[in-house]
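Tertiary structure, described
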Amino acid sequence: MEIKKAEFITSAVKNEGLPVHNGVEFMFCGRSNVGKSSFINTLTNRKKLAKTSSNPGKTQTLNVYHINDEFYFIDVPGYGFARVAKSVKATFGKMIEQYVTDRENLKMVFLLVDFRHKPTEDDKLMYDFLKYYNLPVTVIATKSDKVKNSERSKNKKVILETLQLQGNDKMIVTSSESKEGLGLVLSKLDEVLELHASTQSEVESPVVDELPIEEV
Ligand SMILES: Nc1nc2c(ncn2[C@@H]2O[C@H](COP(=O)(O)OP(=O)(O)O)[C@@H](O)[C@H]2O)c(=O)[nH]1
Ligand SMILES: [Mg+2]
């Protein structure tokens, strides 16, 4: 997979504001400042697709990007900032819950955690919340360029033990600086899209007639 095209589509505060489409959706979430915007920009090869902010926790919208005219990235606002008012947090919770429960084409969640640190209580809550809704999750450990080689295996262990990954969930160690792990994330996108395509053709087969109907 190569990401050749990435377009910002819209920002929404509710599902009603999201585009109607048949494409697969991938959701990106993580604590504010974890490196989510940088990661989306690196993955899509775009400098400013997702805004990197020095004011964490500010954006409280679902940002939708159309990738390769085929599938979608849904960028969910960062969580876990004490500065955000309680009322904002409650609205945020409702927005995410409505999103994950209503979007049938959401096929994979990328949960970003900082490779340098033990996942926070909020990270753990987020992971458990996603699993409660049976969503496949890939944990993206960010900022690996800031971790010494000698610390890597210990950090991996701490993250895996804290989050207690279930089923087929995996962790990928990444860096937006060194580009470590990007190939693995791109392969993950392929894997999910292929799986979706194969289940779709099972449901829809046999295809009898796909000729467009001509208008007279
Ligand atoms: N060293 C390093 N810094 C990073 C990396 N990714 C993000 N950052 C820095 O972390 C800060 C937060 O990044 P940002 O992408 O805005 O995080 P967001 O709040 O999760 O969207 C910024 O100062 C980035 O430059 C990375 O892979 N390596
Ligand atoms: Mg951001």
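Please refer to the structure placed before this passage.
Residues numbered from 1 in each chain as written. Chains lettered and ligands numbered in written order. Predicted model: local features only at pLDDT ≥ 70, side-chain atom pairs only at ≥ 80, totals over all residues. Heavy atoms only, no water.

Here the focus is the nonpolar core. Counting 32 residues, the largest nonpolar core has Met27, Ile96 and Leu130 as the members making the most contacts within it. Per-element tally for this core: the top contributor is helix α2 (residues 86-102), with five residues. The contacts of Met27, once residues within four sequence positions are left out, are Ile74, Val76, Ile96, Tyr99, Val100, Leu106, Met108, Val109, Phe110, Met126 and Leu130. Counting residues in hydrophobic clusters, the runner-up holds 26 residues, among them Phe26, Leu43, Met108 and Ile172. (Core = buried A, V, L, I, M, F, W, Y, C linked by side-chain atoms within 4.5 Å. Buried < 20%, exposed > 50% of the residue type's maximum accessible area, 1.4 Å probe, protein only. Helix = DSSP H or I, 4+ residues; strand = E, 2+ residues; numbered from the N terminus. Contact = heavy atoms within 4.5 Å.)

Moving on: the environment of Ser37. Its location among the elements puts Ser37 in helix α1 (residues 36-44). According to the relative accessible area criterion, Ser37 is buried, its value standing at 17%. Note: C-alpha distance between Ser37 and Pro77 (40 residues apart in sequence) is 10.0 Å.

As a further point, take the packing of aromatic side chains. One pass over the full model with this rule turns up ten aromatic pairs. Plain terms: the ring middles of Phe26 and Phe73 are 6.2 Å apart, the flat faces sit at 85° to each other, and that makes the pair edge-to-face. With Phe26 in strand β2 (residues 25-30) and Phe73 in strand β4 (residues 71-75), this pair connects stretches of sequence that are 47 residues apart. Of the two residues examined, Phe26 and Phe73, each falls in the buried class. When the centroid spacing of 5.0 Å and the interplanar angle of 85° are considered together, the rings of Tyr132 and Tyr133 count as edge-to-face. A relative accessible area of 64% means that Tyr132 is categorised as exposed. Site record: aromatic cluster; members linked through ring pairs are Phe26, Phe28, Phe39, Phe71, Phe73 and Phe110. (Phe/Tyr/Trp six-rings, centres within 6.5 Å; stacked < 30°, edge-to-face > 60°.)

Now for the pattern of salt bridges. Applying the stated criterion across every chain yields a total of eleven salt bridges. The residue Asp169 makes a salt bridge to Lys131 at a minimum N-O spacing of 2.8 Å. Here the residue Asp169 occupies a position in the loop between α4 (152-163) and β7 (170-173), and Lys131 occupies one in helix α3 (residues 121-132), the gap between them amounting to 38 residues. The exposure classification of Asp169 matches that of Lys131, with both residues buried. The shortest N-O distance in the salt bridge between Lys154 and Glu151 comes to 3.3 Å. (Salt bridge = Lys/Arg side-chain N within 4 Å of Asp/Glu carboxyl O.)

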